[in-house]
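Summary of structural features
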Amino acid sequence: MKKYLISNQGHWYKANLHSHSTVSDGELTPEQMKELYQTHGYSVIAFTDHNRFVTHNELSDERFLALNGVEDSADETGKSRFRNKCCDICFIAGDPDRTLHPMQYPDKVKGDGQYAAWKAEYSPFGVNGMIQAGRDNGFFVTHNHPCWSLEEYRDYMGYRDMHAMEIFNWSSAVDGYNEYNPDIYDDQLRAGKRLFVIATDDNHNRRPGTCHWDSFGGWTMIKAKSLAYRDVTDALFHGDFYASRGPVINALWLDTEDGSVHIECEKAVKVVLTRGGRRLRAVYAAEEGVEYLTEIKFSVDPNDIYFRVTVFDENGMTADTNAYFVDTLGIDFTNENLFRE
Ligand SMILES: [Zn+2]
């Protein structure tokens, strides 16, 4: 029997889960962003302007969903502006009726009618307070661009209960940062932290027509029952998605009879299974004698602790699945019919 690790119910929706509009320092209005992204096949944008939580429910229709969000940060003090570390977090509201910033003071209204939000100090303690405020108020909480933020192992290892981290941030990458972060993901997984990965644009759209155009480089494919707000945020909370900057993953499932994991994908020239230990597996289309890999089968072992899959296309672009912890899969490792590679 097939047990789907990414739901097989509903439809795939292409999403940009980190963006900036004219509500903060982006160049495009929310309406312009909707129009532009729809012409590139997107159905979902999370509007995550800096510091201000503004709802955009009026933009949603049967073909488009605006998720309401905000990006806020904890910033290191006492250093110059270009040397201070920071932790930037996107909060995406699980519910369309939410109107207040997750870190608001309930009684402090600023001049523009917005509630004032408290500011966390840059430390694991401060960041964990932000994460907790997001979770307590029903937000999906993501850790953004750790490379751009100059964050180190000792910083991010102290964060607890992020829902997801950016394995890729396109805006940071076009500015020259090494913002593909599989190592930072594995650091945390090997320590037993269970979090998902997303890829985002973090677009500001400041330099149209140049190599610094920061739209359409990283996206998240969400499998949801429908494009209704809560169906899509339920899929986020359940991990029914993968991160991509090119390749397509159609299905990821476990064969409950023999414990093997199957990934179905398109245009793949290489597929890598990353495990909690050193015993990785890389499959190449060239070695298999095919132009593209379309279905690959892996074995899992209790010693793996977790696994995740990366699909590479011929341009070297990647699609990354979330990590799956072996103890949650219900595989009977005493079964003598277990698939072995
Ligand atoms: Zn941002």
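What counts and how
- Residues numbered from 1 in each chain as written.
- Predicted model: local features only at pLDDT ≥ 70, side-chain atom pairs only at ≥ 80, totals over all residues.
- Heavy atoms only, no water.
- Helix = DSSP H or I, 4+ residues; strand = E, 2+ residues; numbered from the N terminus.
- Buried < 20%, exposed > 50% of the residue type's maximum accessible area, 1.4 Å probe, protein only.
- Pairing = 2+ DSSP bridges.
- Donors = N, O, S within 2.8 Å, 3.2 Å for Na, K, Ca; no water.
- Tetrahedral: all angles 85-135°; square planar, octahedral: opposite > 155°, others 65-115°.
- Phe/Tyr/Trp six-rings, centres within 6.5 Å; stacked < 30°, edge-to-face > 60°.
- Lys NZ or Arg CZ within 6 Å of the ring centre and 35° of its normal.
- Domains from an automatic or database assignment.
- Contact = heavy atoms within 4.5 Å.
- Salt bridge = Lys/Arg side-chain N within 4 Å of Asp/Glu carboxyl O.
- Polar contact = N/O pair within 3.5 Å; in protein donor to acceptor, adjacent residues only side chain to side chain.
- Nonpolar A, V, L, I, M, F, W, Y, C, P; charged D, E, K, R; others polar.
- Core = buried A, V, L, I, M, F, W, Y, C linked by side-chain atoms within 4.5 Å.
- Axes fitted to C-alpha atoms, helices over the stretch in contact; angles between N-to-C directions.
- Expected span 1.5 Å × (residues − 1).

1. Examining the environment of Asp175
By the secondary structure assignment, Asp175 is in the loop between helix H4 (170–174) and helix H5 (182–190). The exposure class of Asp175 is partly exposed, given its relative accessible area of 46%. Through-space distance from the C-alpha of Asp175 to that of Asp202 is 12 Å; in sequence the pair is 27 residues apart.

2. Overview of the pairing of strand E10 (residues 196–200)
The buried fraction of E10 amounts to five of the five residues, a majority that puts the element mostly inside the structure. Residues Phe196, Ile198 and Thr200 of E10 are buried on one face, and the alternating residues Val197 and Ala199, pointing to the opposite face, are buried as well. The pairing of strand E9 (residues 164–169) with E10 spans five bridges and is parallel. Directly across from Asn169, in E10, lies its bridge partner Thr200.

3. A word on the coordination of the zinc ion
For the zinc ion, the full set of protein donor atoms is His18 (NE2), His20 (NE2), Glu71 (OE) and Asp202 (OD), at a range of 2.1 to 2.2 Å. Between the four donor atoms coordinating the zinc ion, the angles at the centre fall across 78 to 168°, so the site counts as irregular. The sequence motif formed by the donor residues of the zinc ion is H-x1-H-x50-E-x130-D. In this pair, His18 is assigned in the loop between strand E2 (11–16) and helix H1 (30–38) and Glu71 in strand E4 (residues 65–75), connecting sequence segments 53 residues apart. Across this residue pair, the class does not change: His18 and Glu71 are buried.

4. Let's talk about the packing of aromatic side chains
As enumerated under the stated definition, the model contains 13 aromatic pairs in all. Ring centres 6.2 Å apart and planes at 40° place the aromatic pair Phe168 and Trp170 in the tilted group. Judged by relative accessible area, which is 5%, Phe168 ranks as buried. Residue Trp170 is classed as partly exposed on the basis of its relative accessible area, which comes to 24%. The cationic tip of Arg194 hangs over the ring face of Phe325; the distance from NZ or CZ to the ring centre is 4.1 Å.

5. Regarding the pairing of strand E5 (residues 86–93)
Of all the eight residues making up E5, eight are buried; the element is thus mostly covered by neighbouring parts of the structure. Both faces of E5 are covered, namely the face carrying Cys86, Asp88, Cys90 and Ile92 and the face carrying Cys87, Ile89, Phe91 and Ala93. In this sheet, E5 lies alongside E4 in antiparallel orientation, the contact comprising seven bridges. Across the sheet, the residue bridging to Val70 is Phe91, located in E5. As judged from the five bridges shared by E5 and strand E8 (residues 139–143), these two strands associate in the antiparallel manner. Each bridged residue has a counterpart across the sheet, and for Ile89 the counterpart in E8 is His143.

6. Points about the domain arrangement of the protein chain
Per the domain assignment, the segments of the protein chain are domain 1 (10–245) and domain 2 (247–341). For domain 1 versus domain 2, the distance between C-alpha centres works out to 28 Å. Tallying the contact residues gives 19 residues for domain 1 and 21 residues for domain 2. Put simply, domain 1 and domain 2 have two salt bridges between them. The salt bridge partner of Asp186 is Arg308, with a shortest N-O separation of 2.8 Å. For the pair domain 1 and domain 2, the interface holds twelve residue pairs in polar contact (both at pLDDT 80 or more). The set of elements that each furnish at least two residues to the side of domain 1 that touches domain 2 consists of H5, E10 and strand E12 (241–244). When the residues that make up the side of domain 1 that touches domain 2 are grouped by side-chain class, the tally is eleven nonpolar, three polar and five charged.

7. Digging into the nonpolar core
Most often, soluble globular proteins keep nonpolar side chains buried together rather than apart. Core analysis: the biggest nonpolar cluster contains 53 residues, and Leu17, Leu67, Ile89, Met162 and Ile222 have the highest contact counts within it. The element best represented in this core is E5, accounting for five residues. Both of domain 1 (10–245) and domain 2 (247–341) provide at least three residues apiece to this core. For Ile222, the contacting residues outside a window of four places in its chain are His11, Trp12, Tyr13, Ala15, Leu17, Val232, Ala235, Leu236, Asp240 and Phe241. Of all hydrophobic cores here, the second largest spans 39 residues; its members include Ile6, Val309, Tyr324 and Val326.

8. Considering the sheet that holds strand E14 (residues 260–268)
Read from one edge to the other, the open sheet built from four strands follows the order E1-E13-E14-E17, with strand pairing classed as antiparallel. At either margin of the open sheet sits one strand with a lone partner, and together these are strand E1 (2–4) and strand E17 (293–298). Across this sheet, the average inter-strand angle for adjacent strands is 30°, counted without regard to direction. With three bridges joining them, E1 and strand E13 (residues 248–255) adopt antiparallel strand pairing. Each residue of the ladder has a partner; that of Lys2, found in E13, is Asp255.

9. Some remarks on helix H2 (residues 124–136)
Under the 1.5 Å per step criterion, the end-to-end length of H2 is 18 Å for 13 residues, consistent within 8% with the ideal 18 Å. Each element contacted by the buried residues of H2 is listed here: E4, E5 and E8.

10. Here's the deal with the environment of Cys90
With respect to the helices, strands and loops of the structure, Cys90 is situated in strand E5. Between the C-alpha atom of Cys90 and that of His143, which follows or precedes it by 53 residues, the distance is 6.9 Å. If we ignore the near neighbours within four places in the chain, the residues touching Cys90 are His18, Thr48, Val70, Glu71, Phe140, Val141, Thr142 and Asn144.

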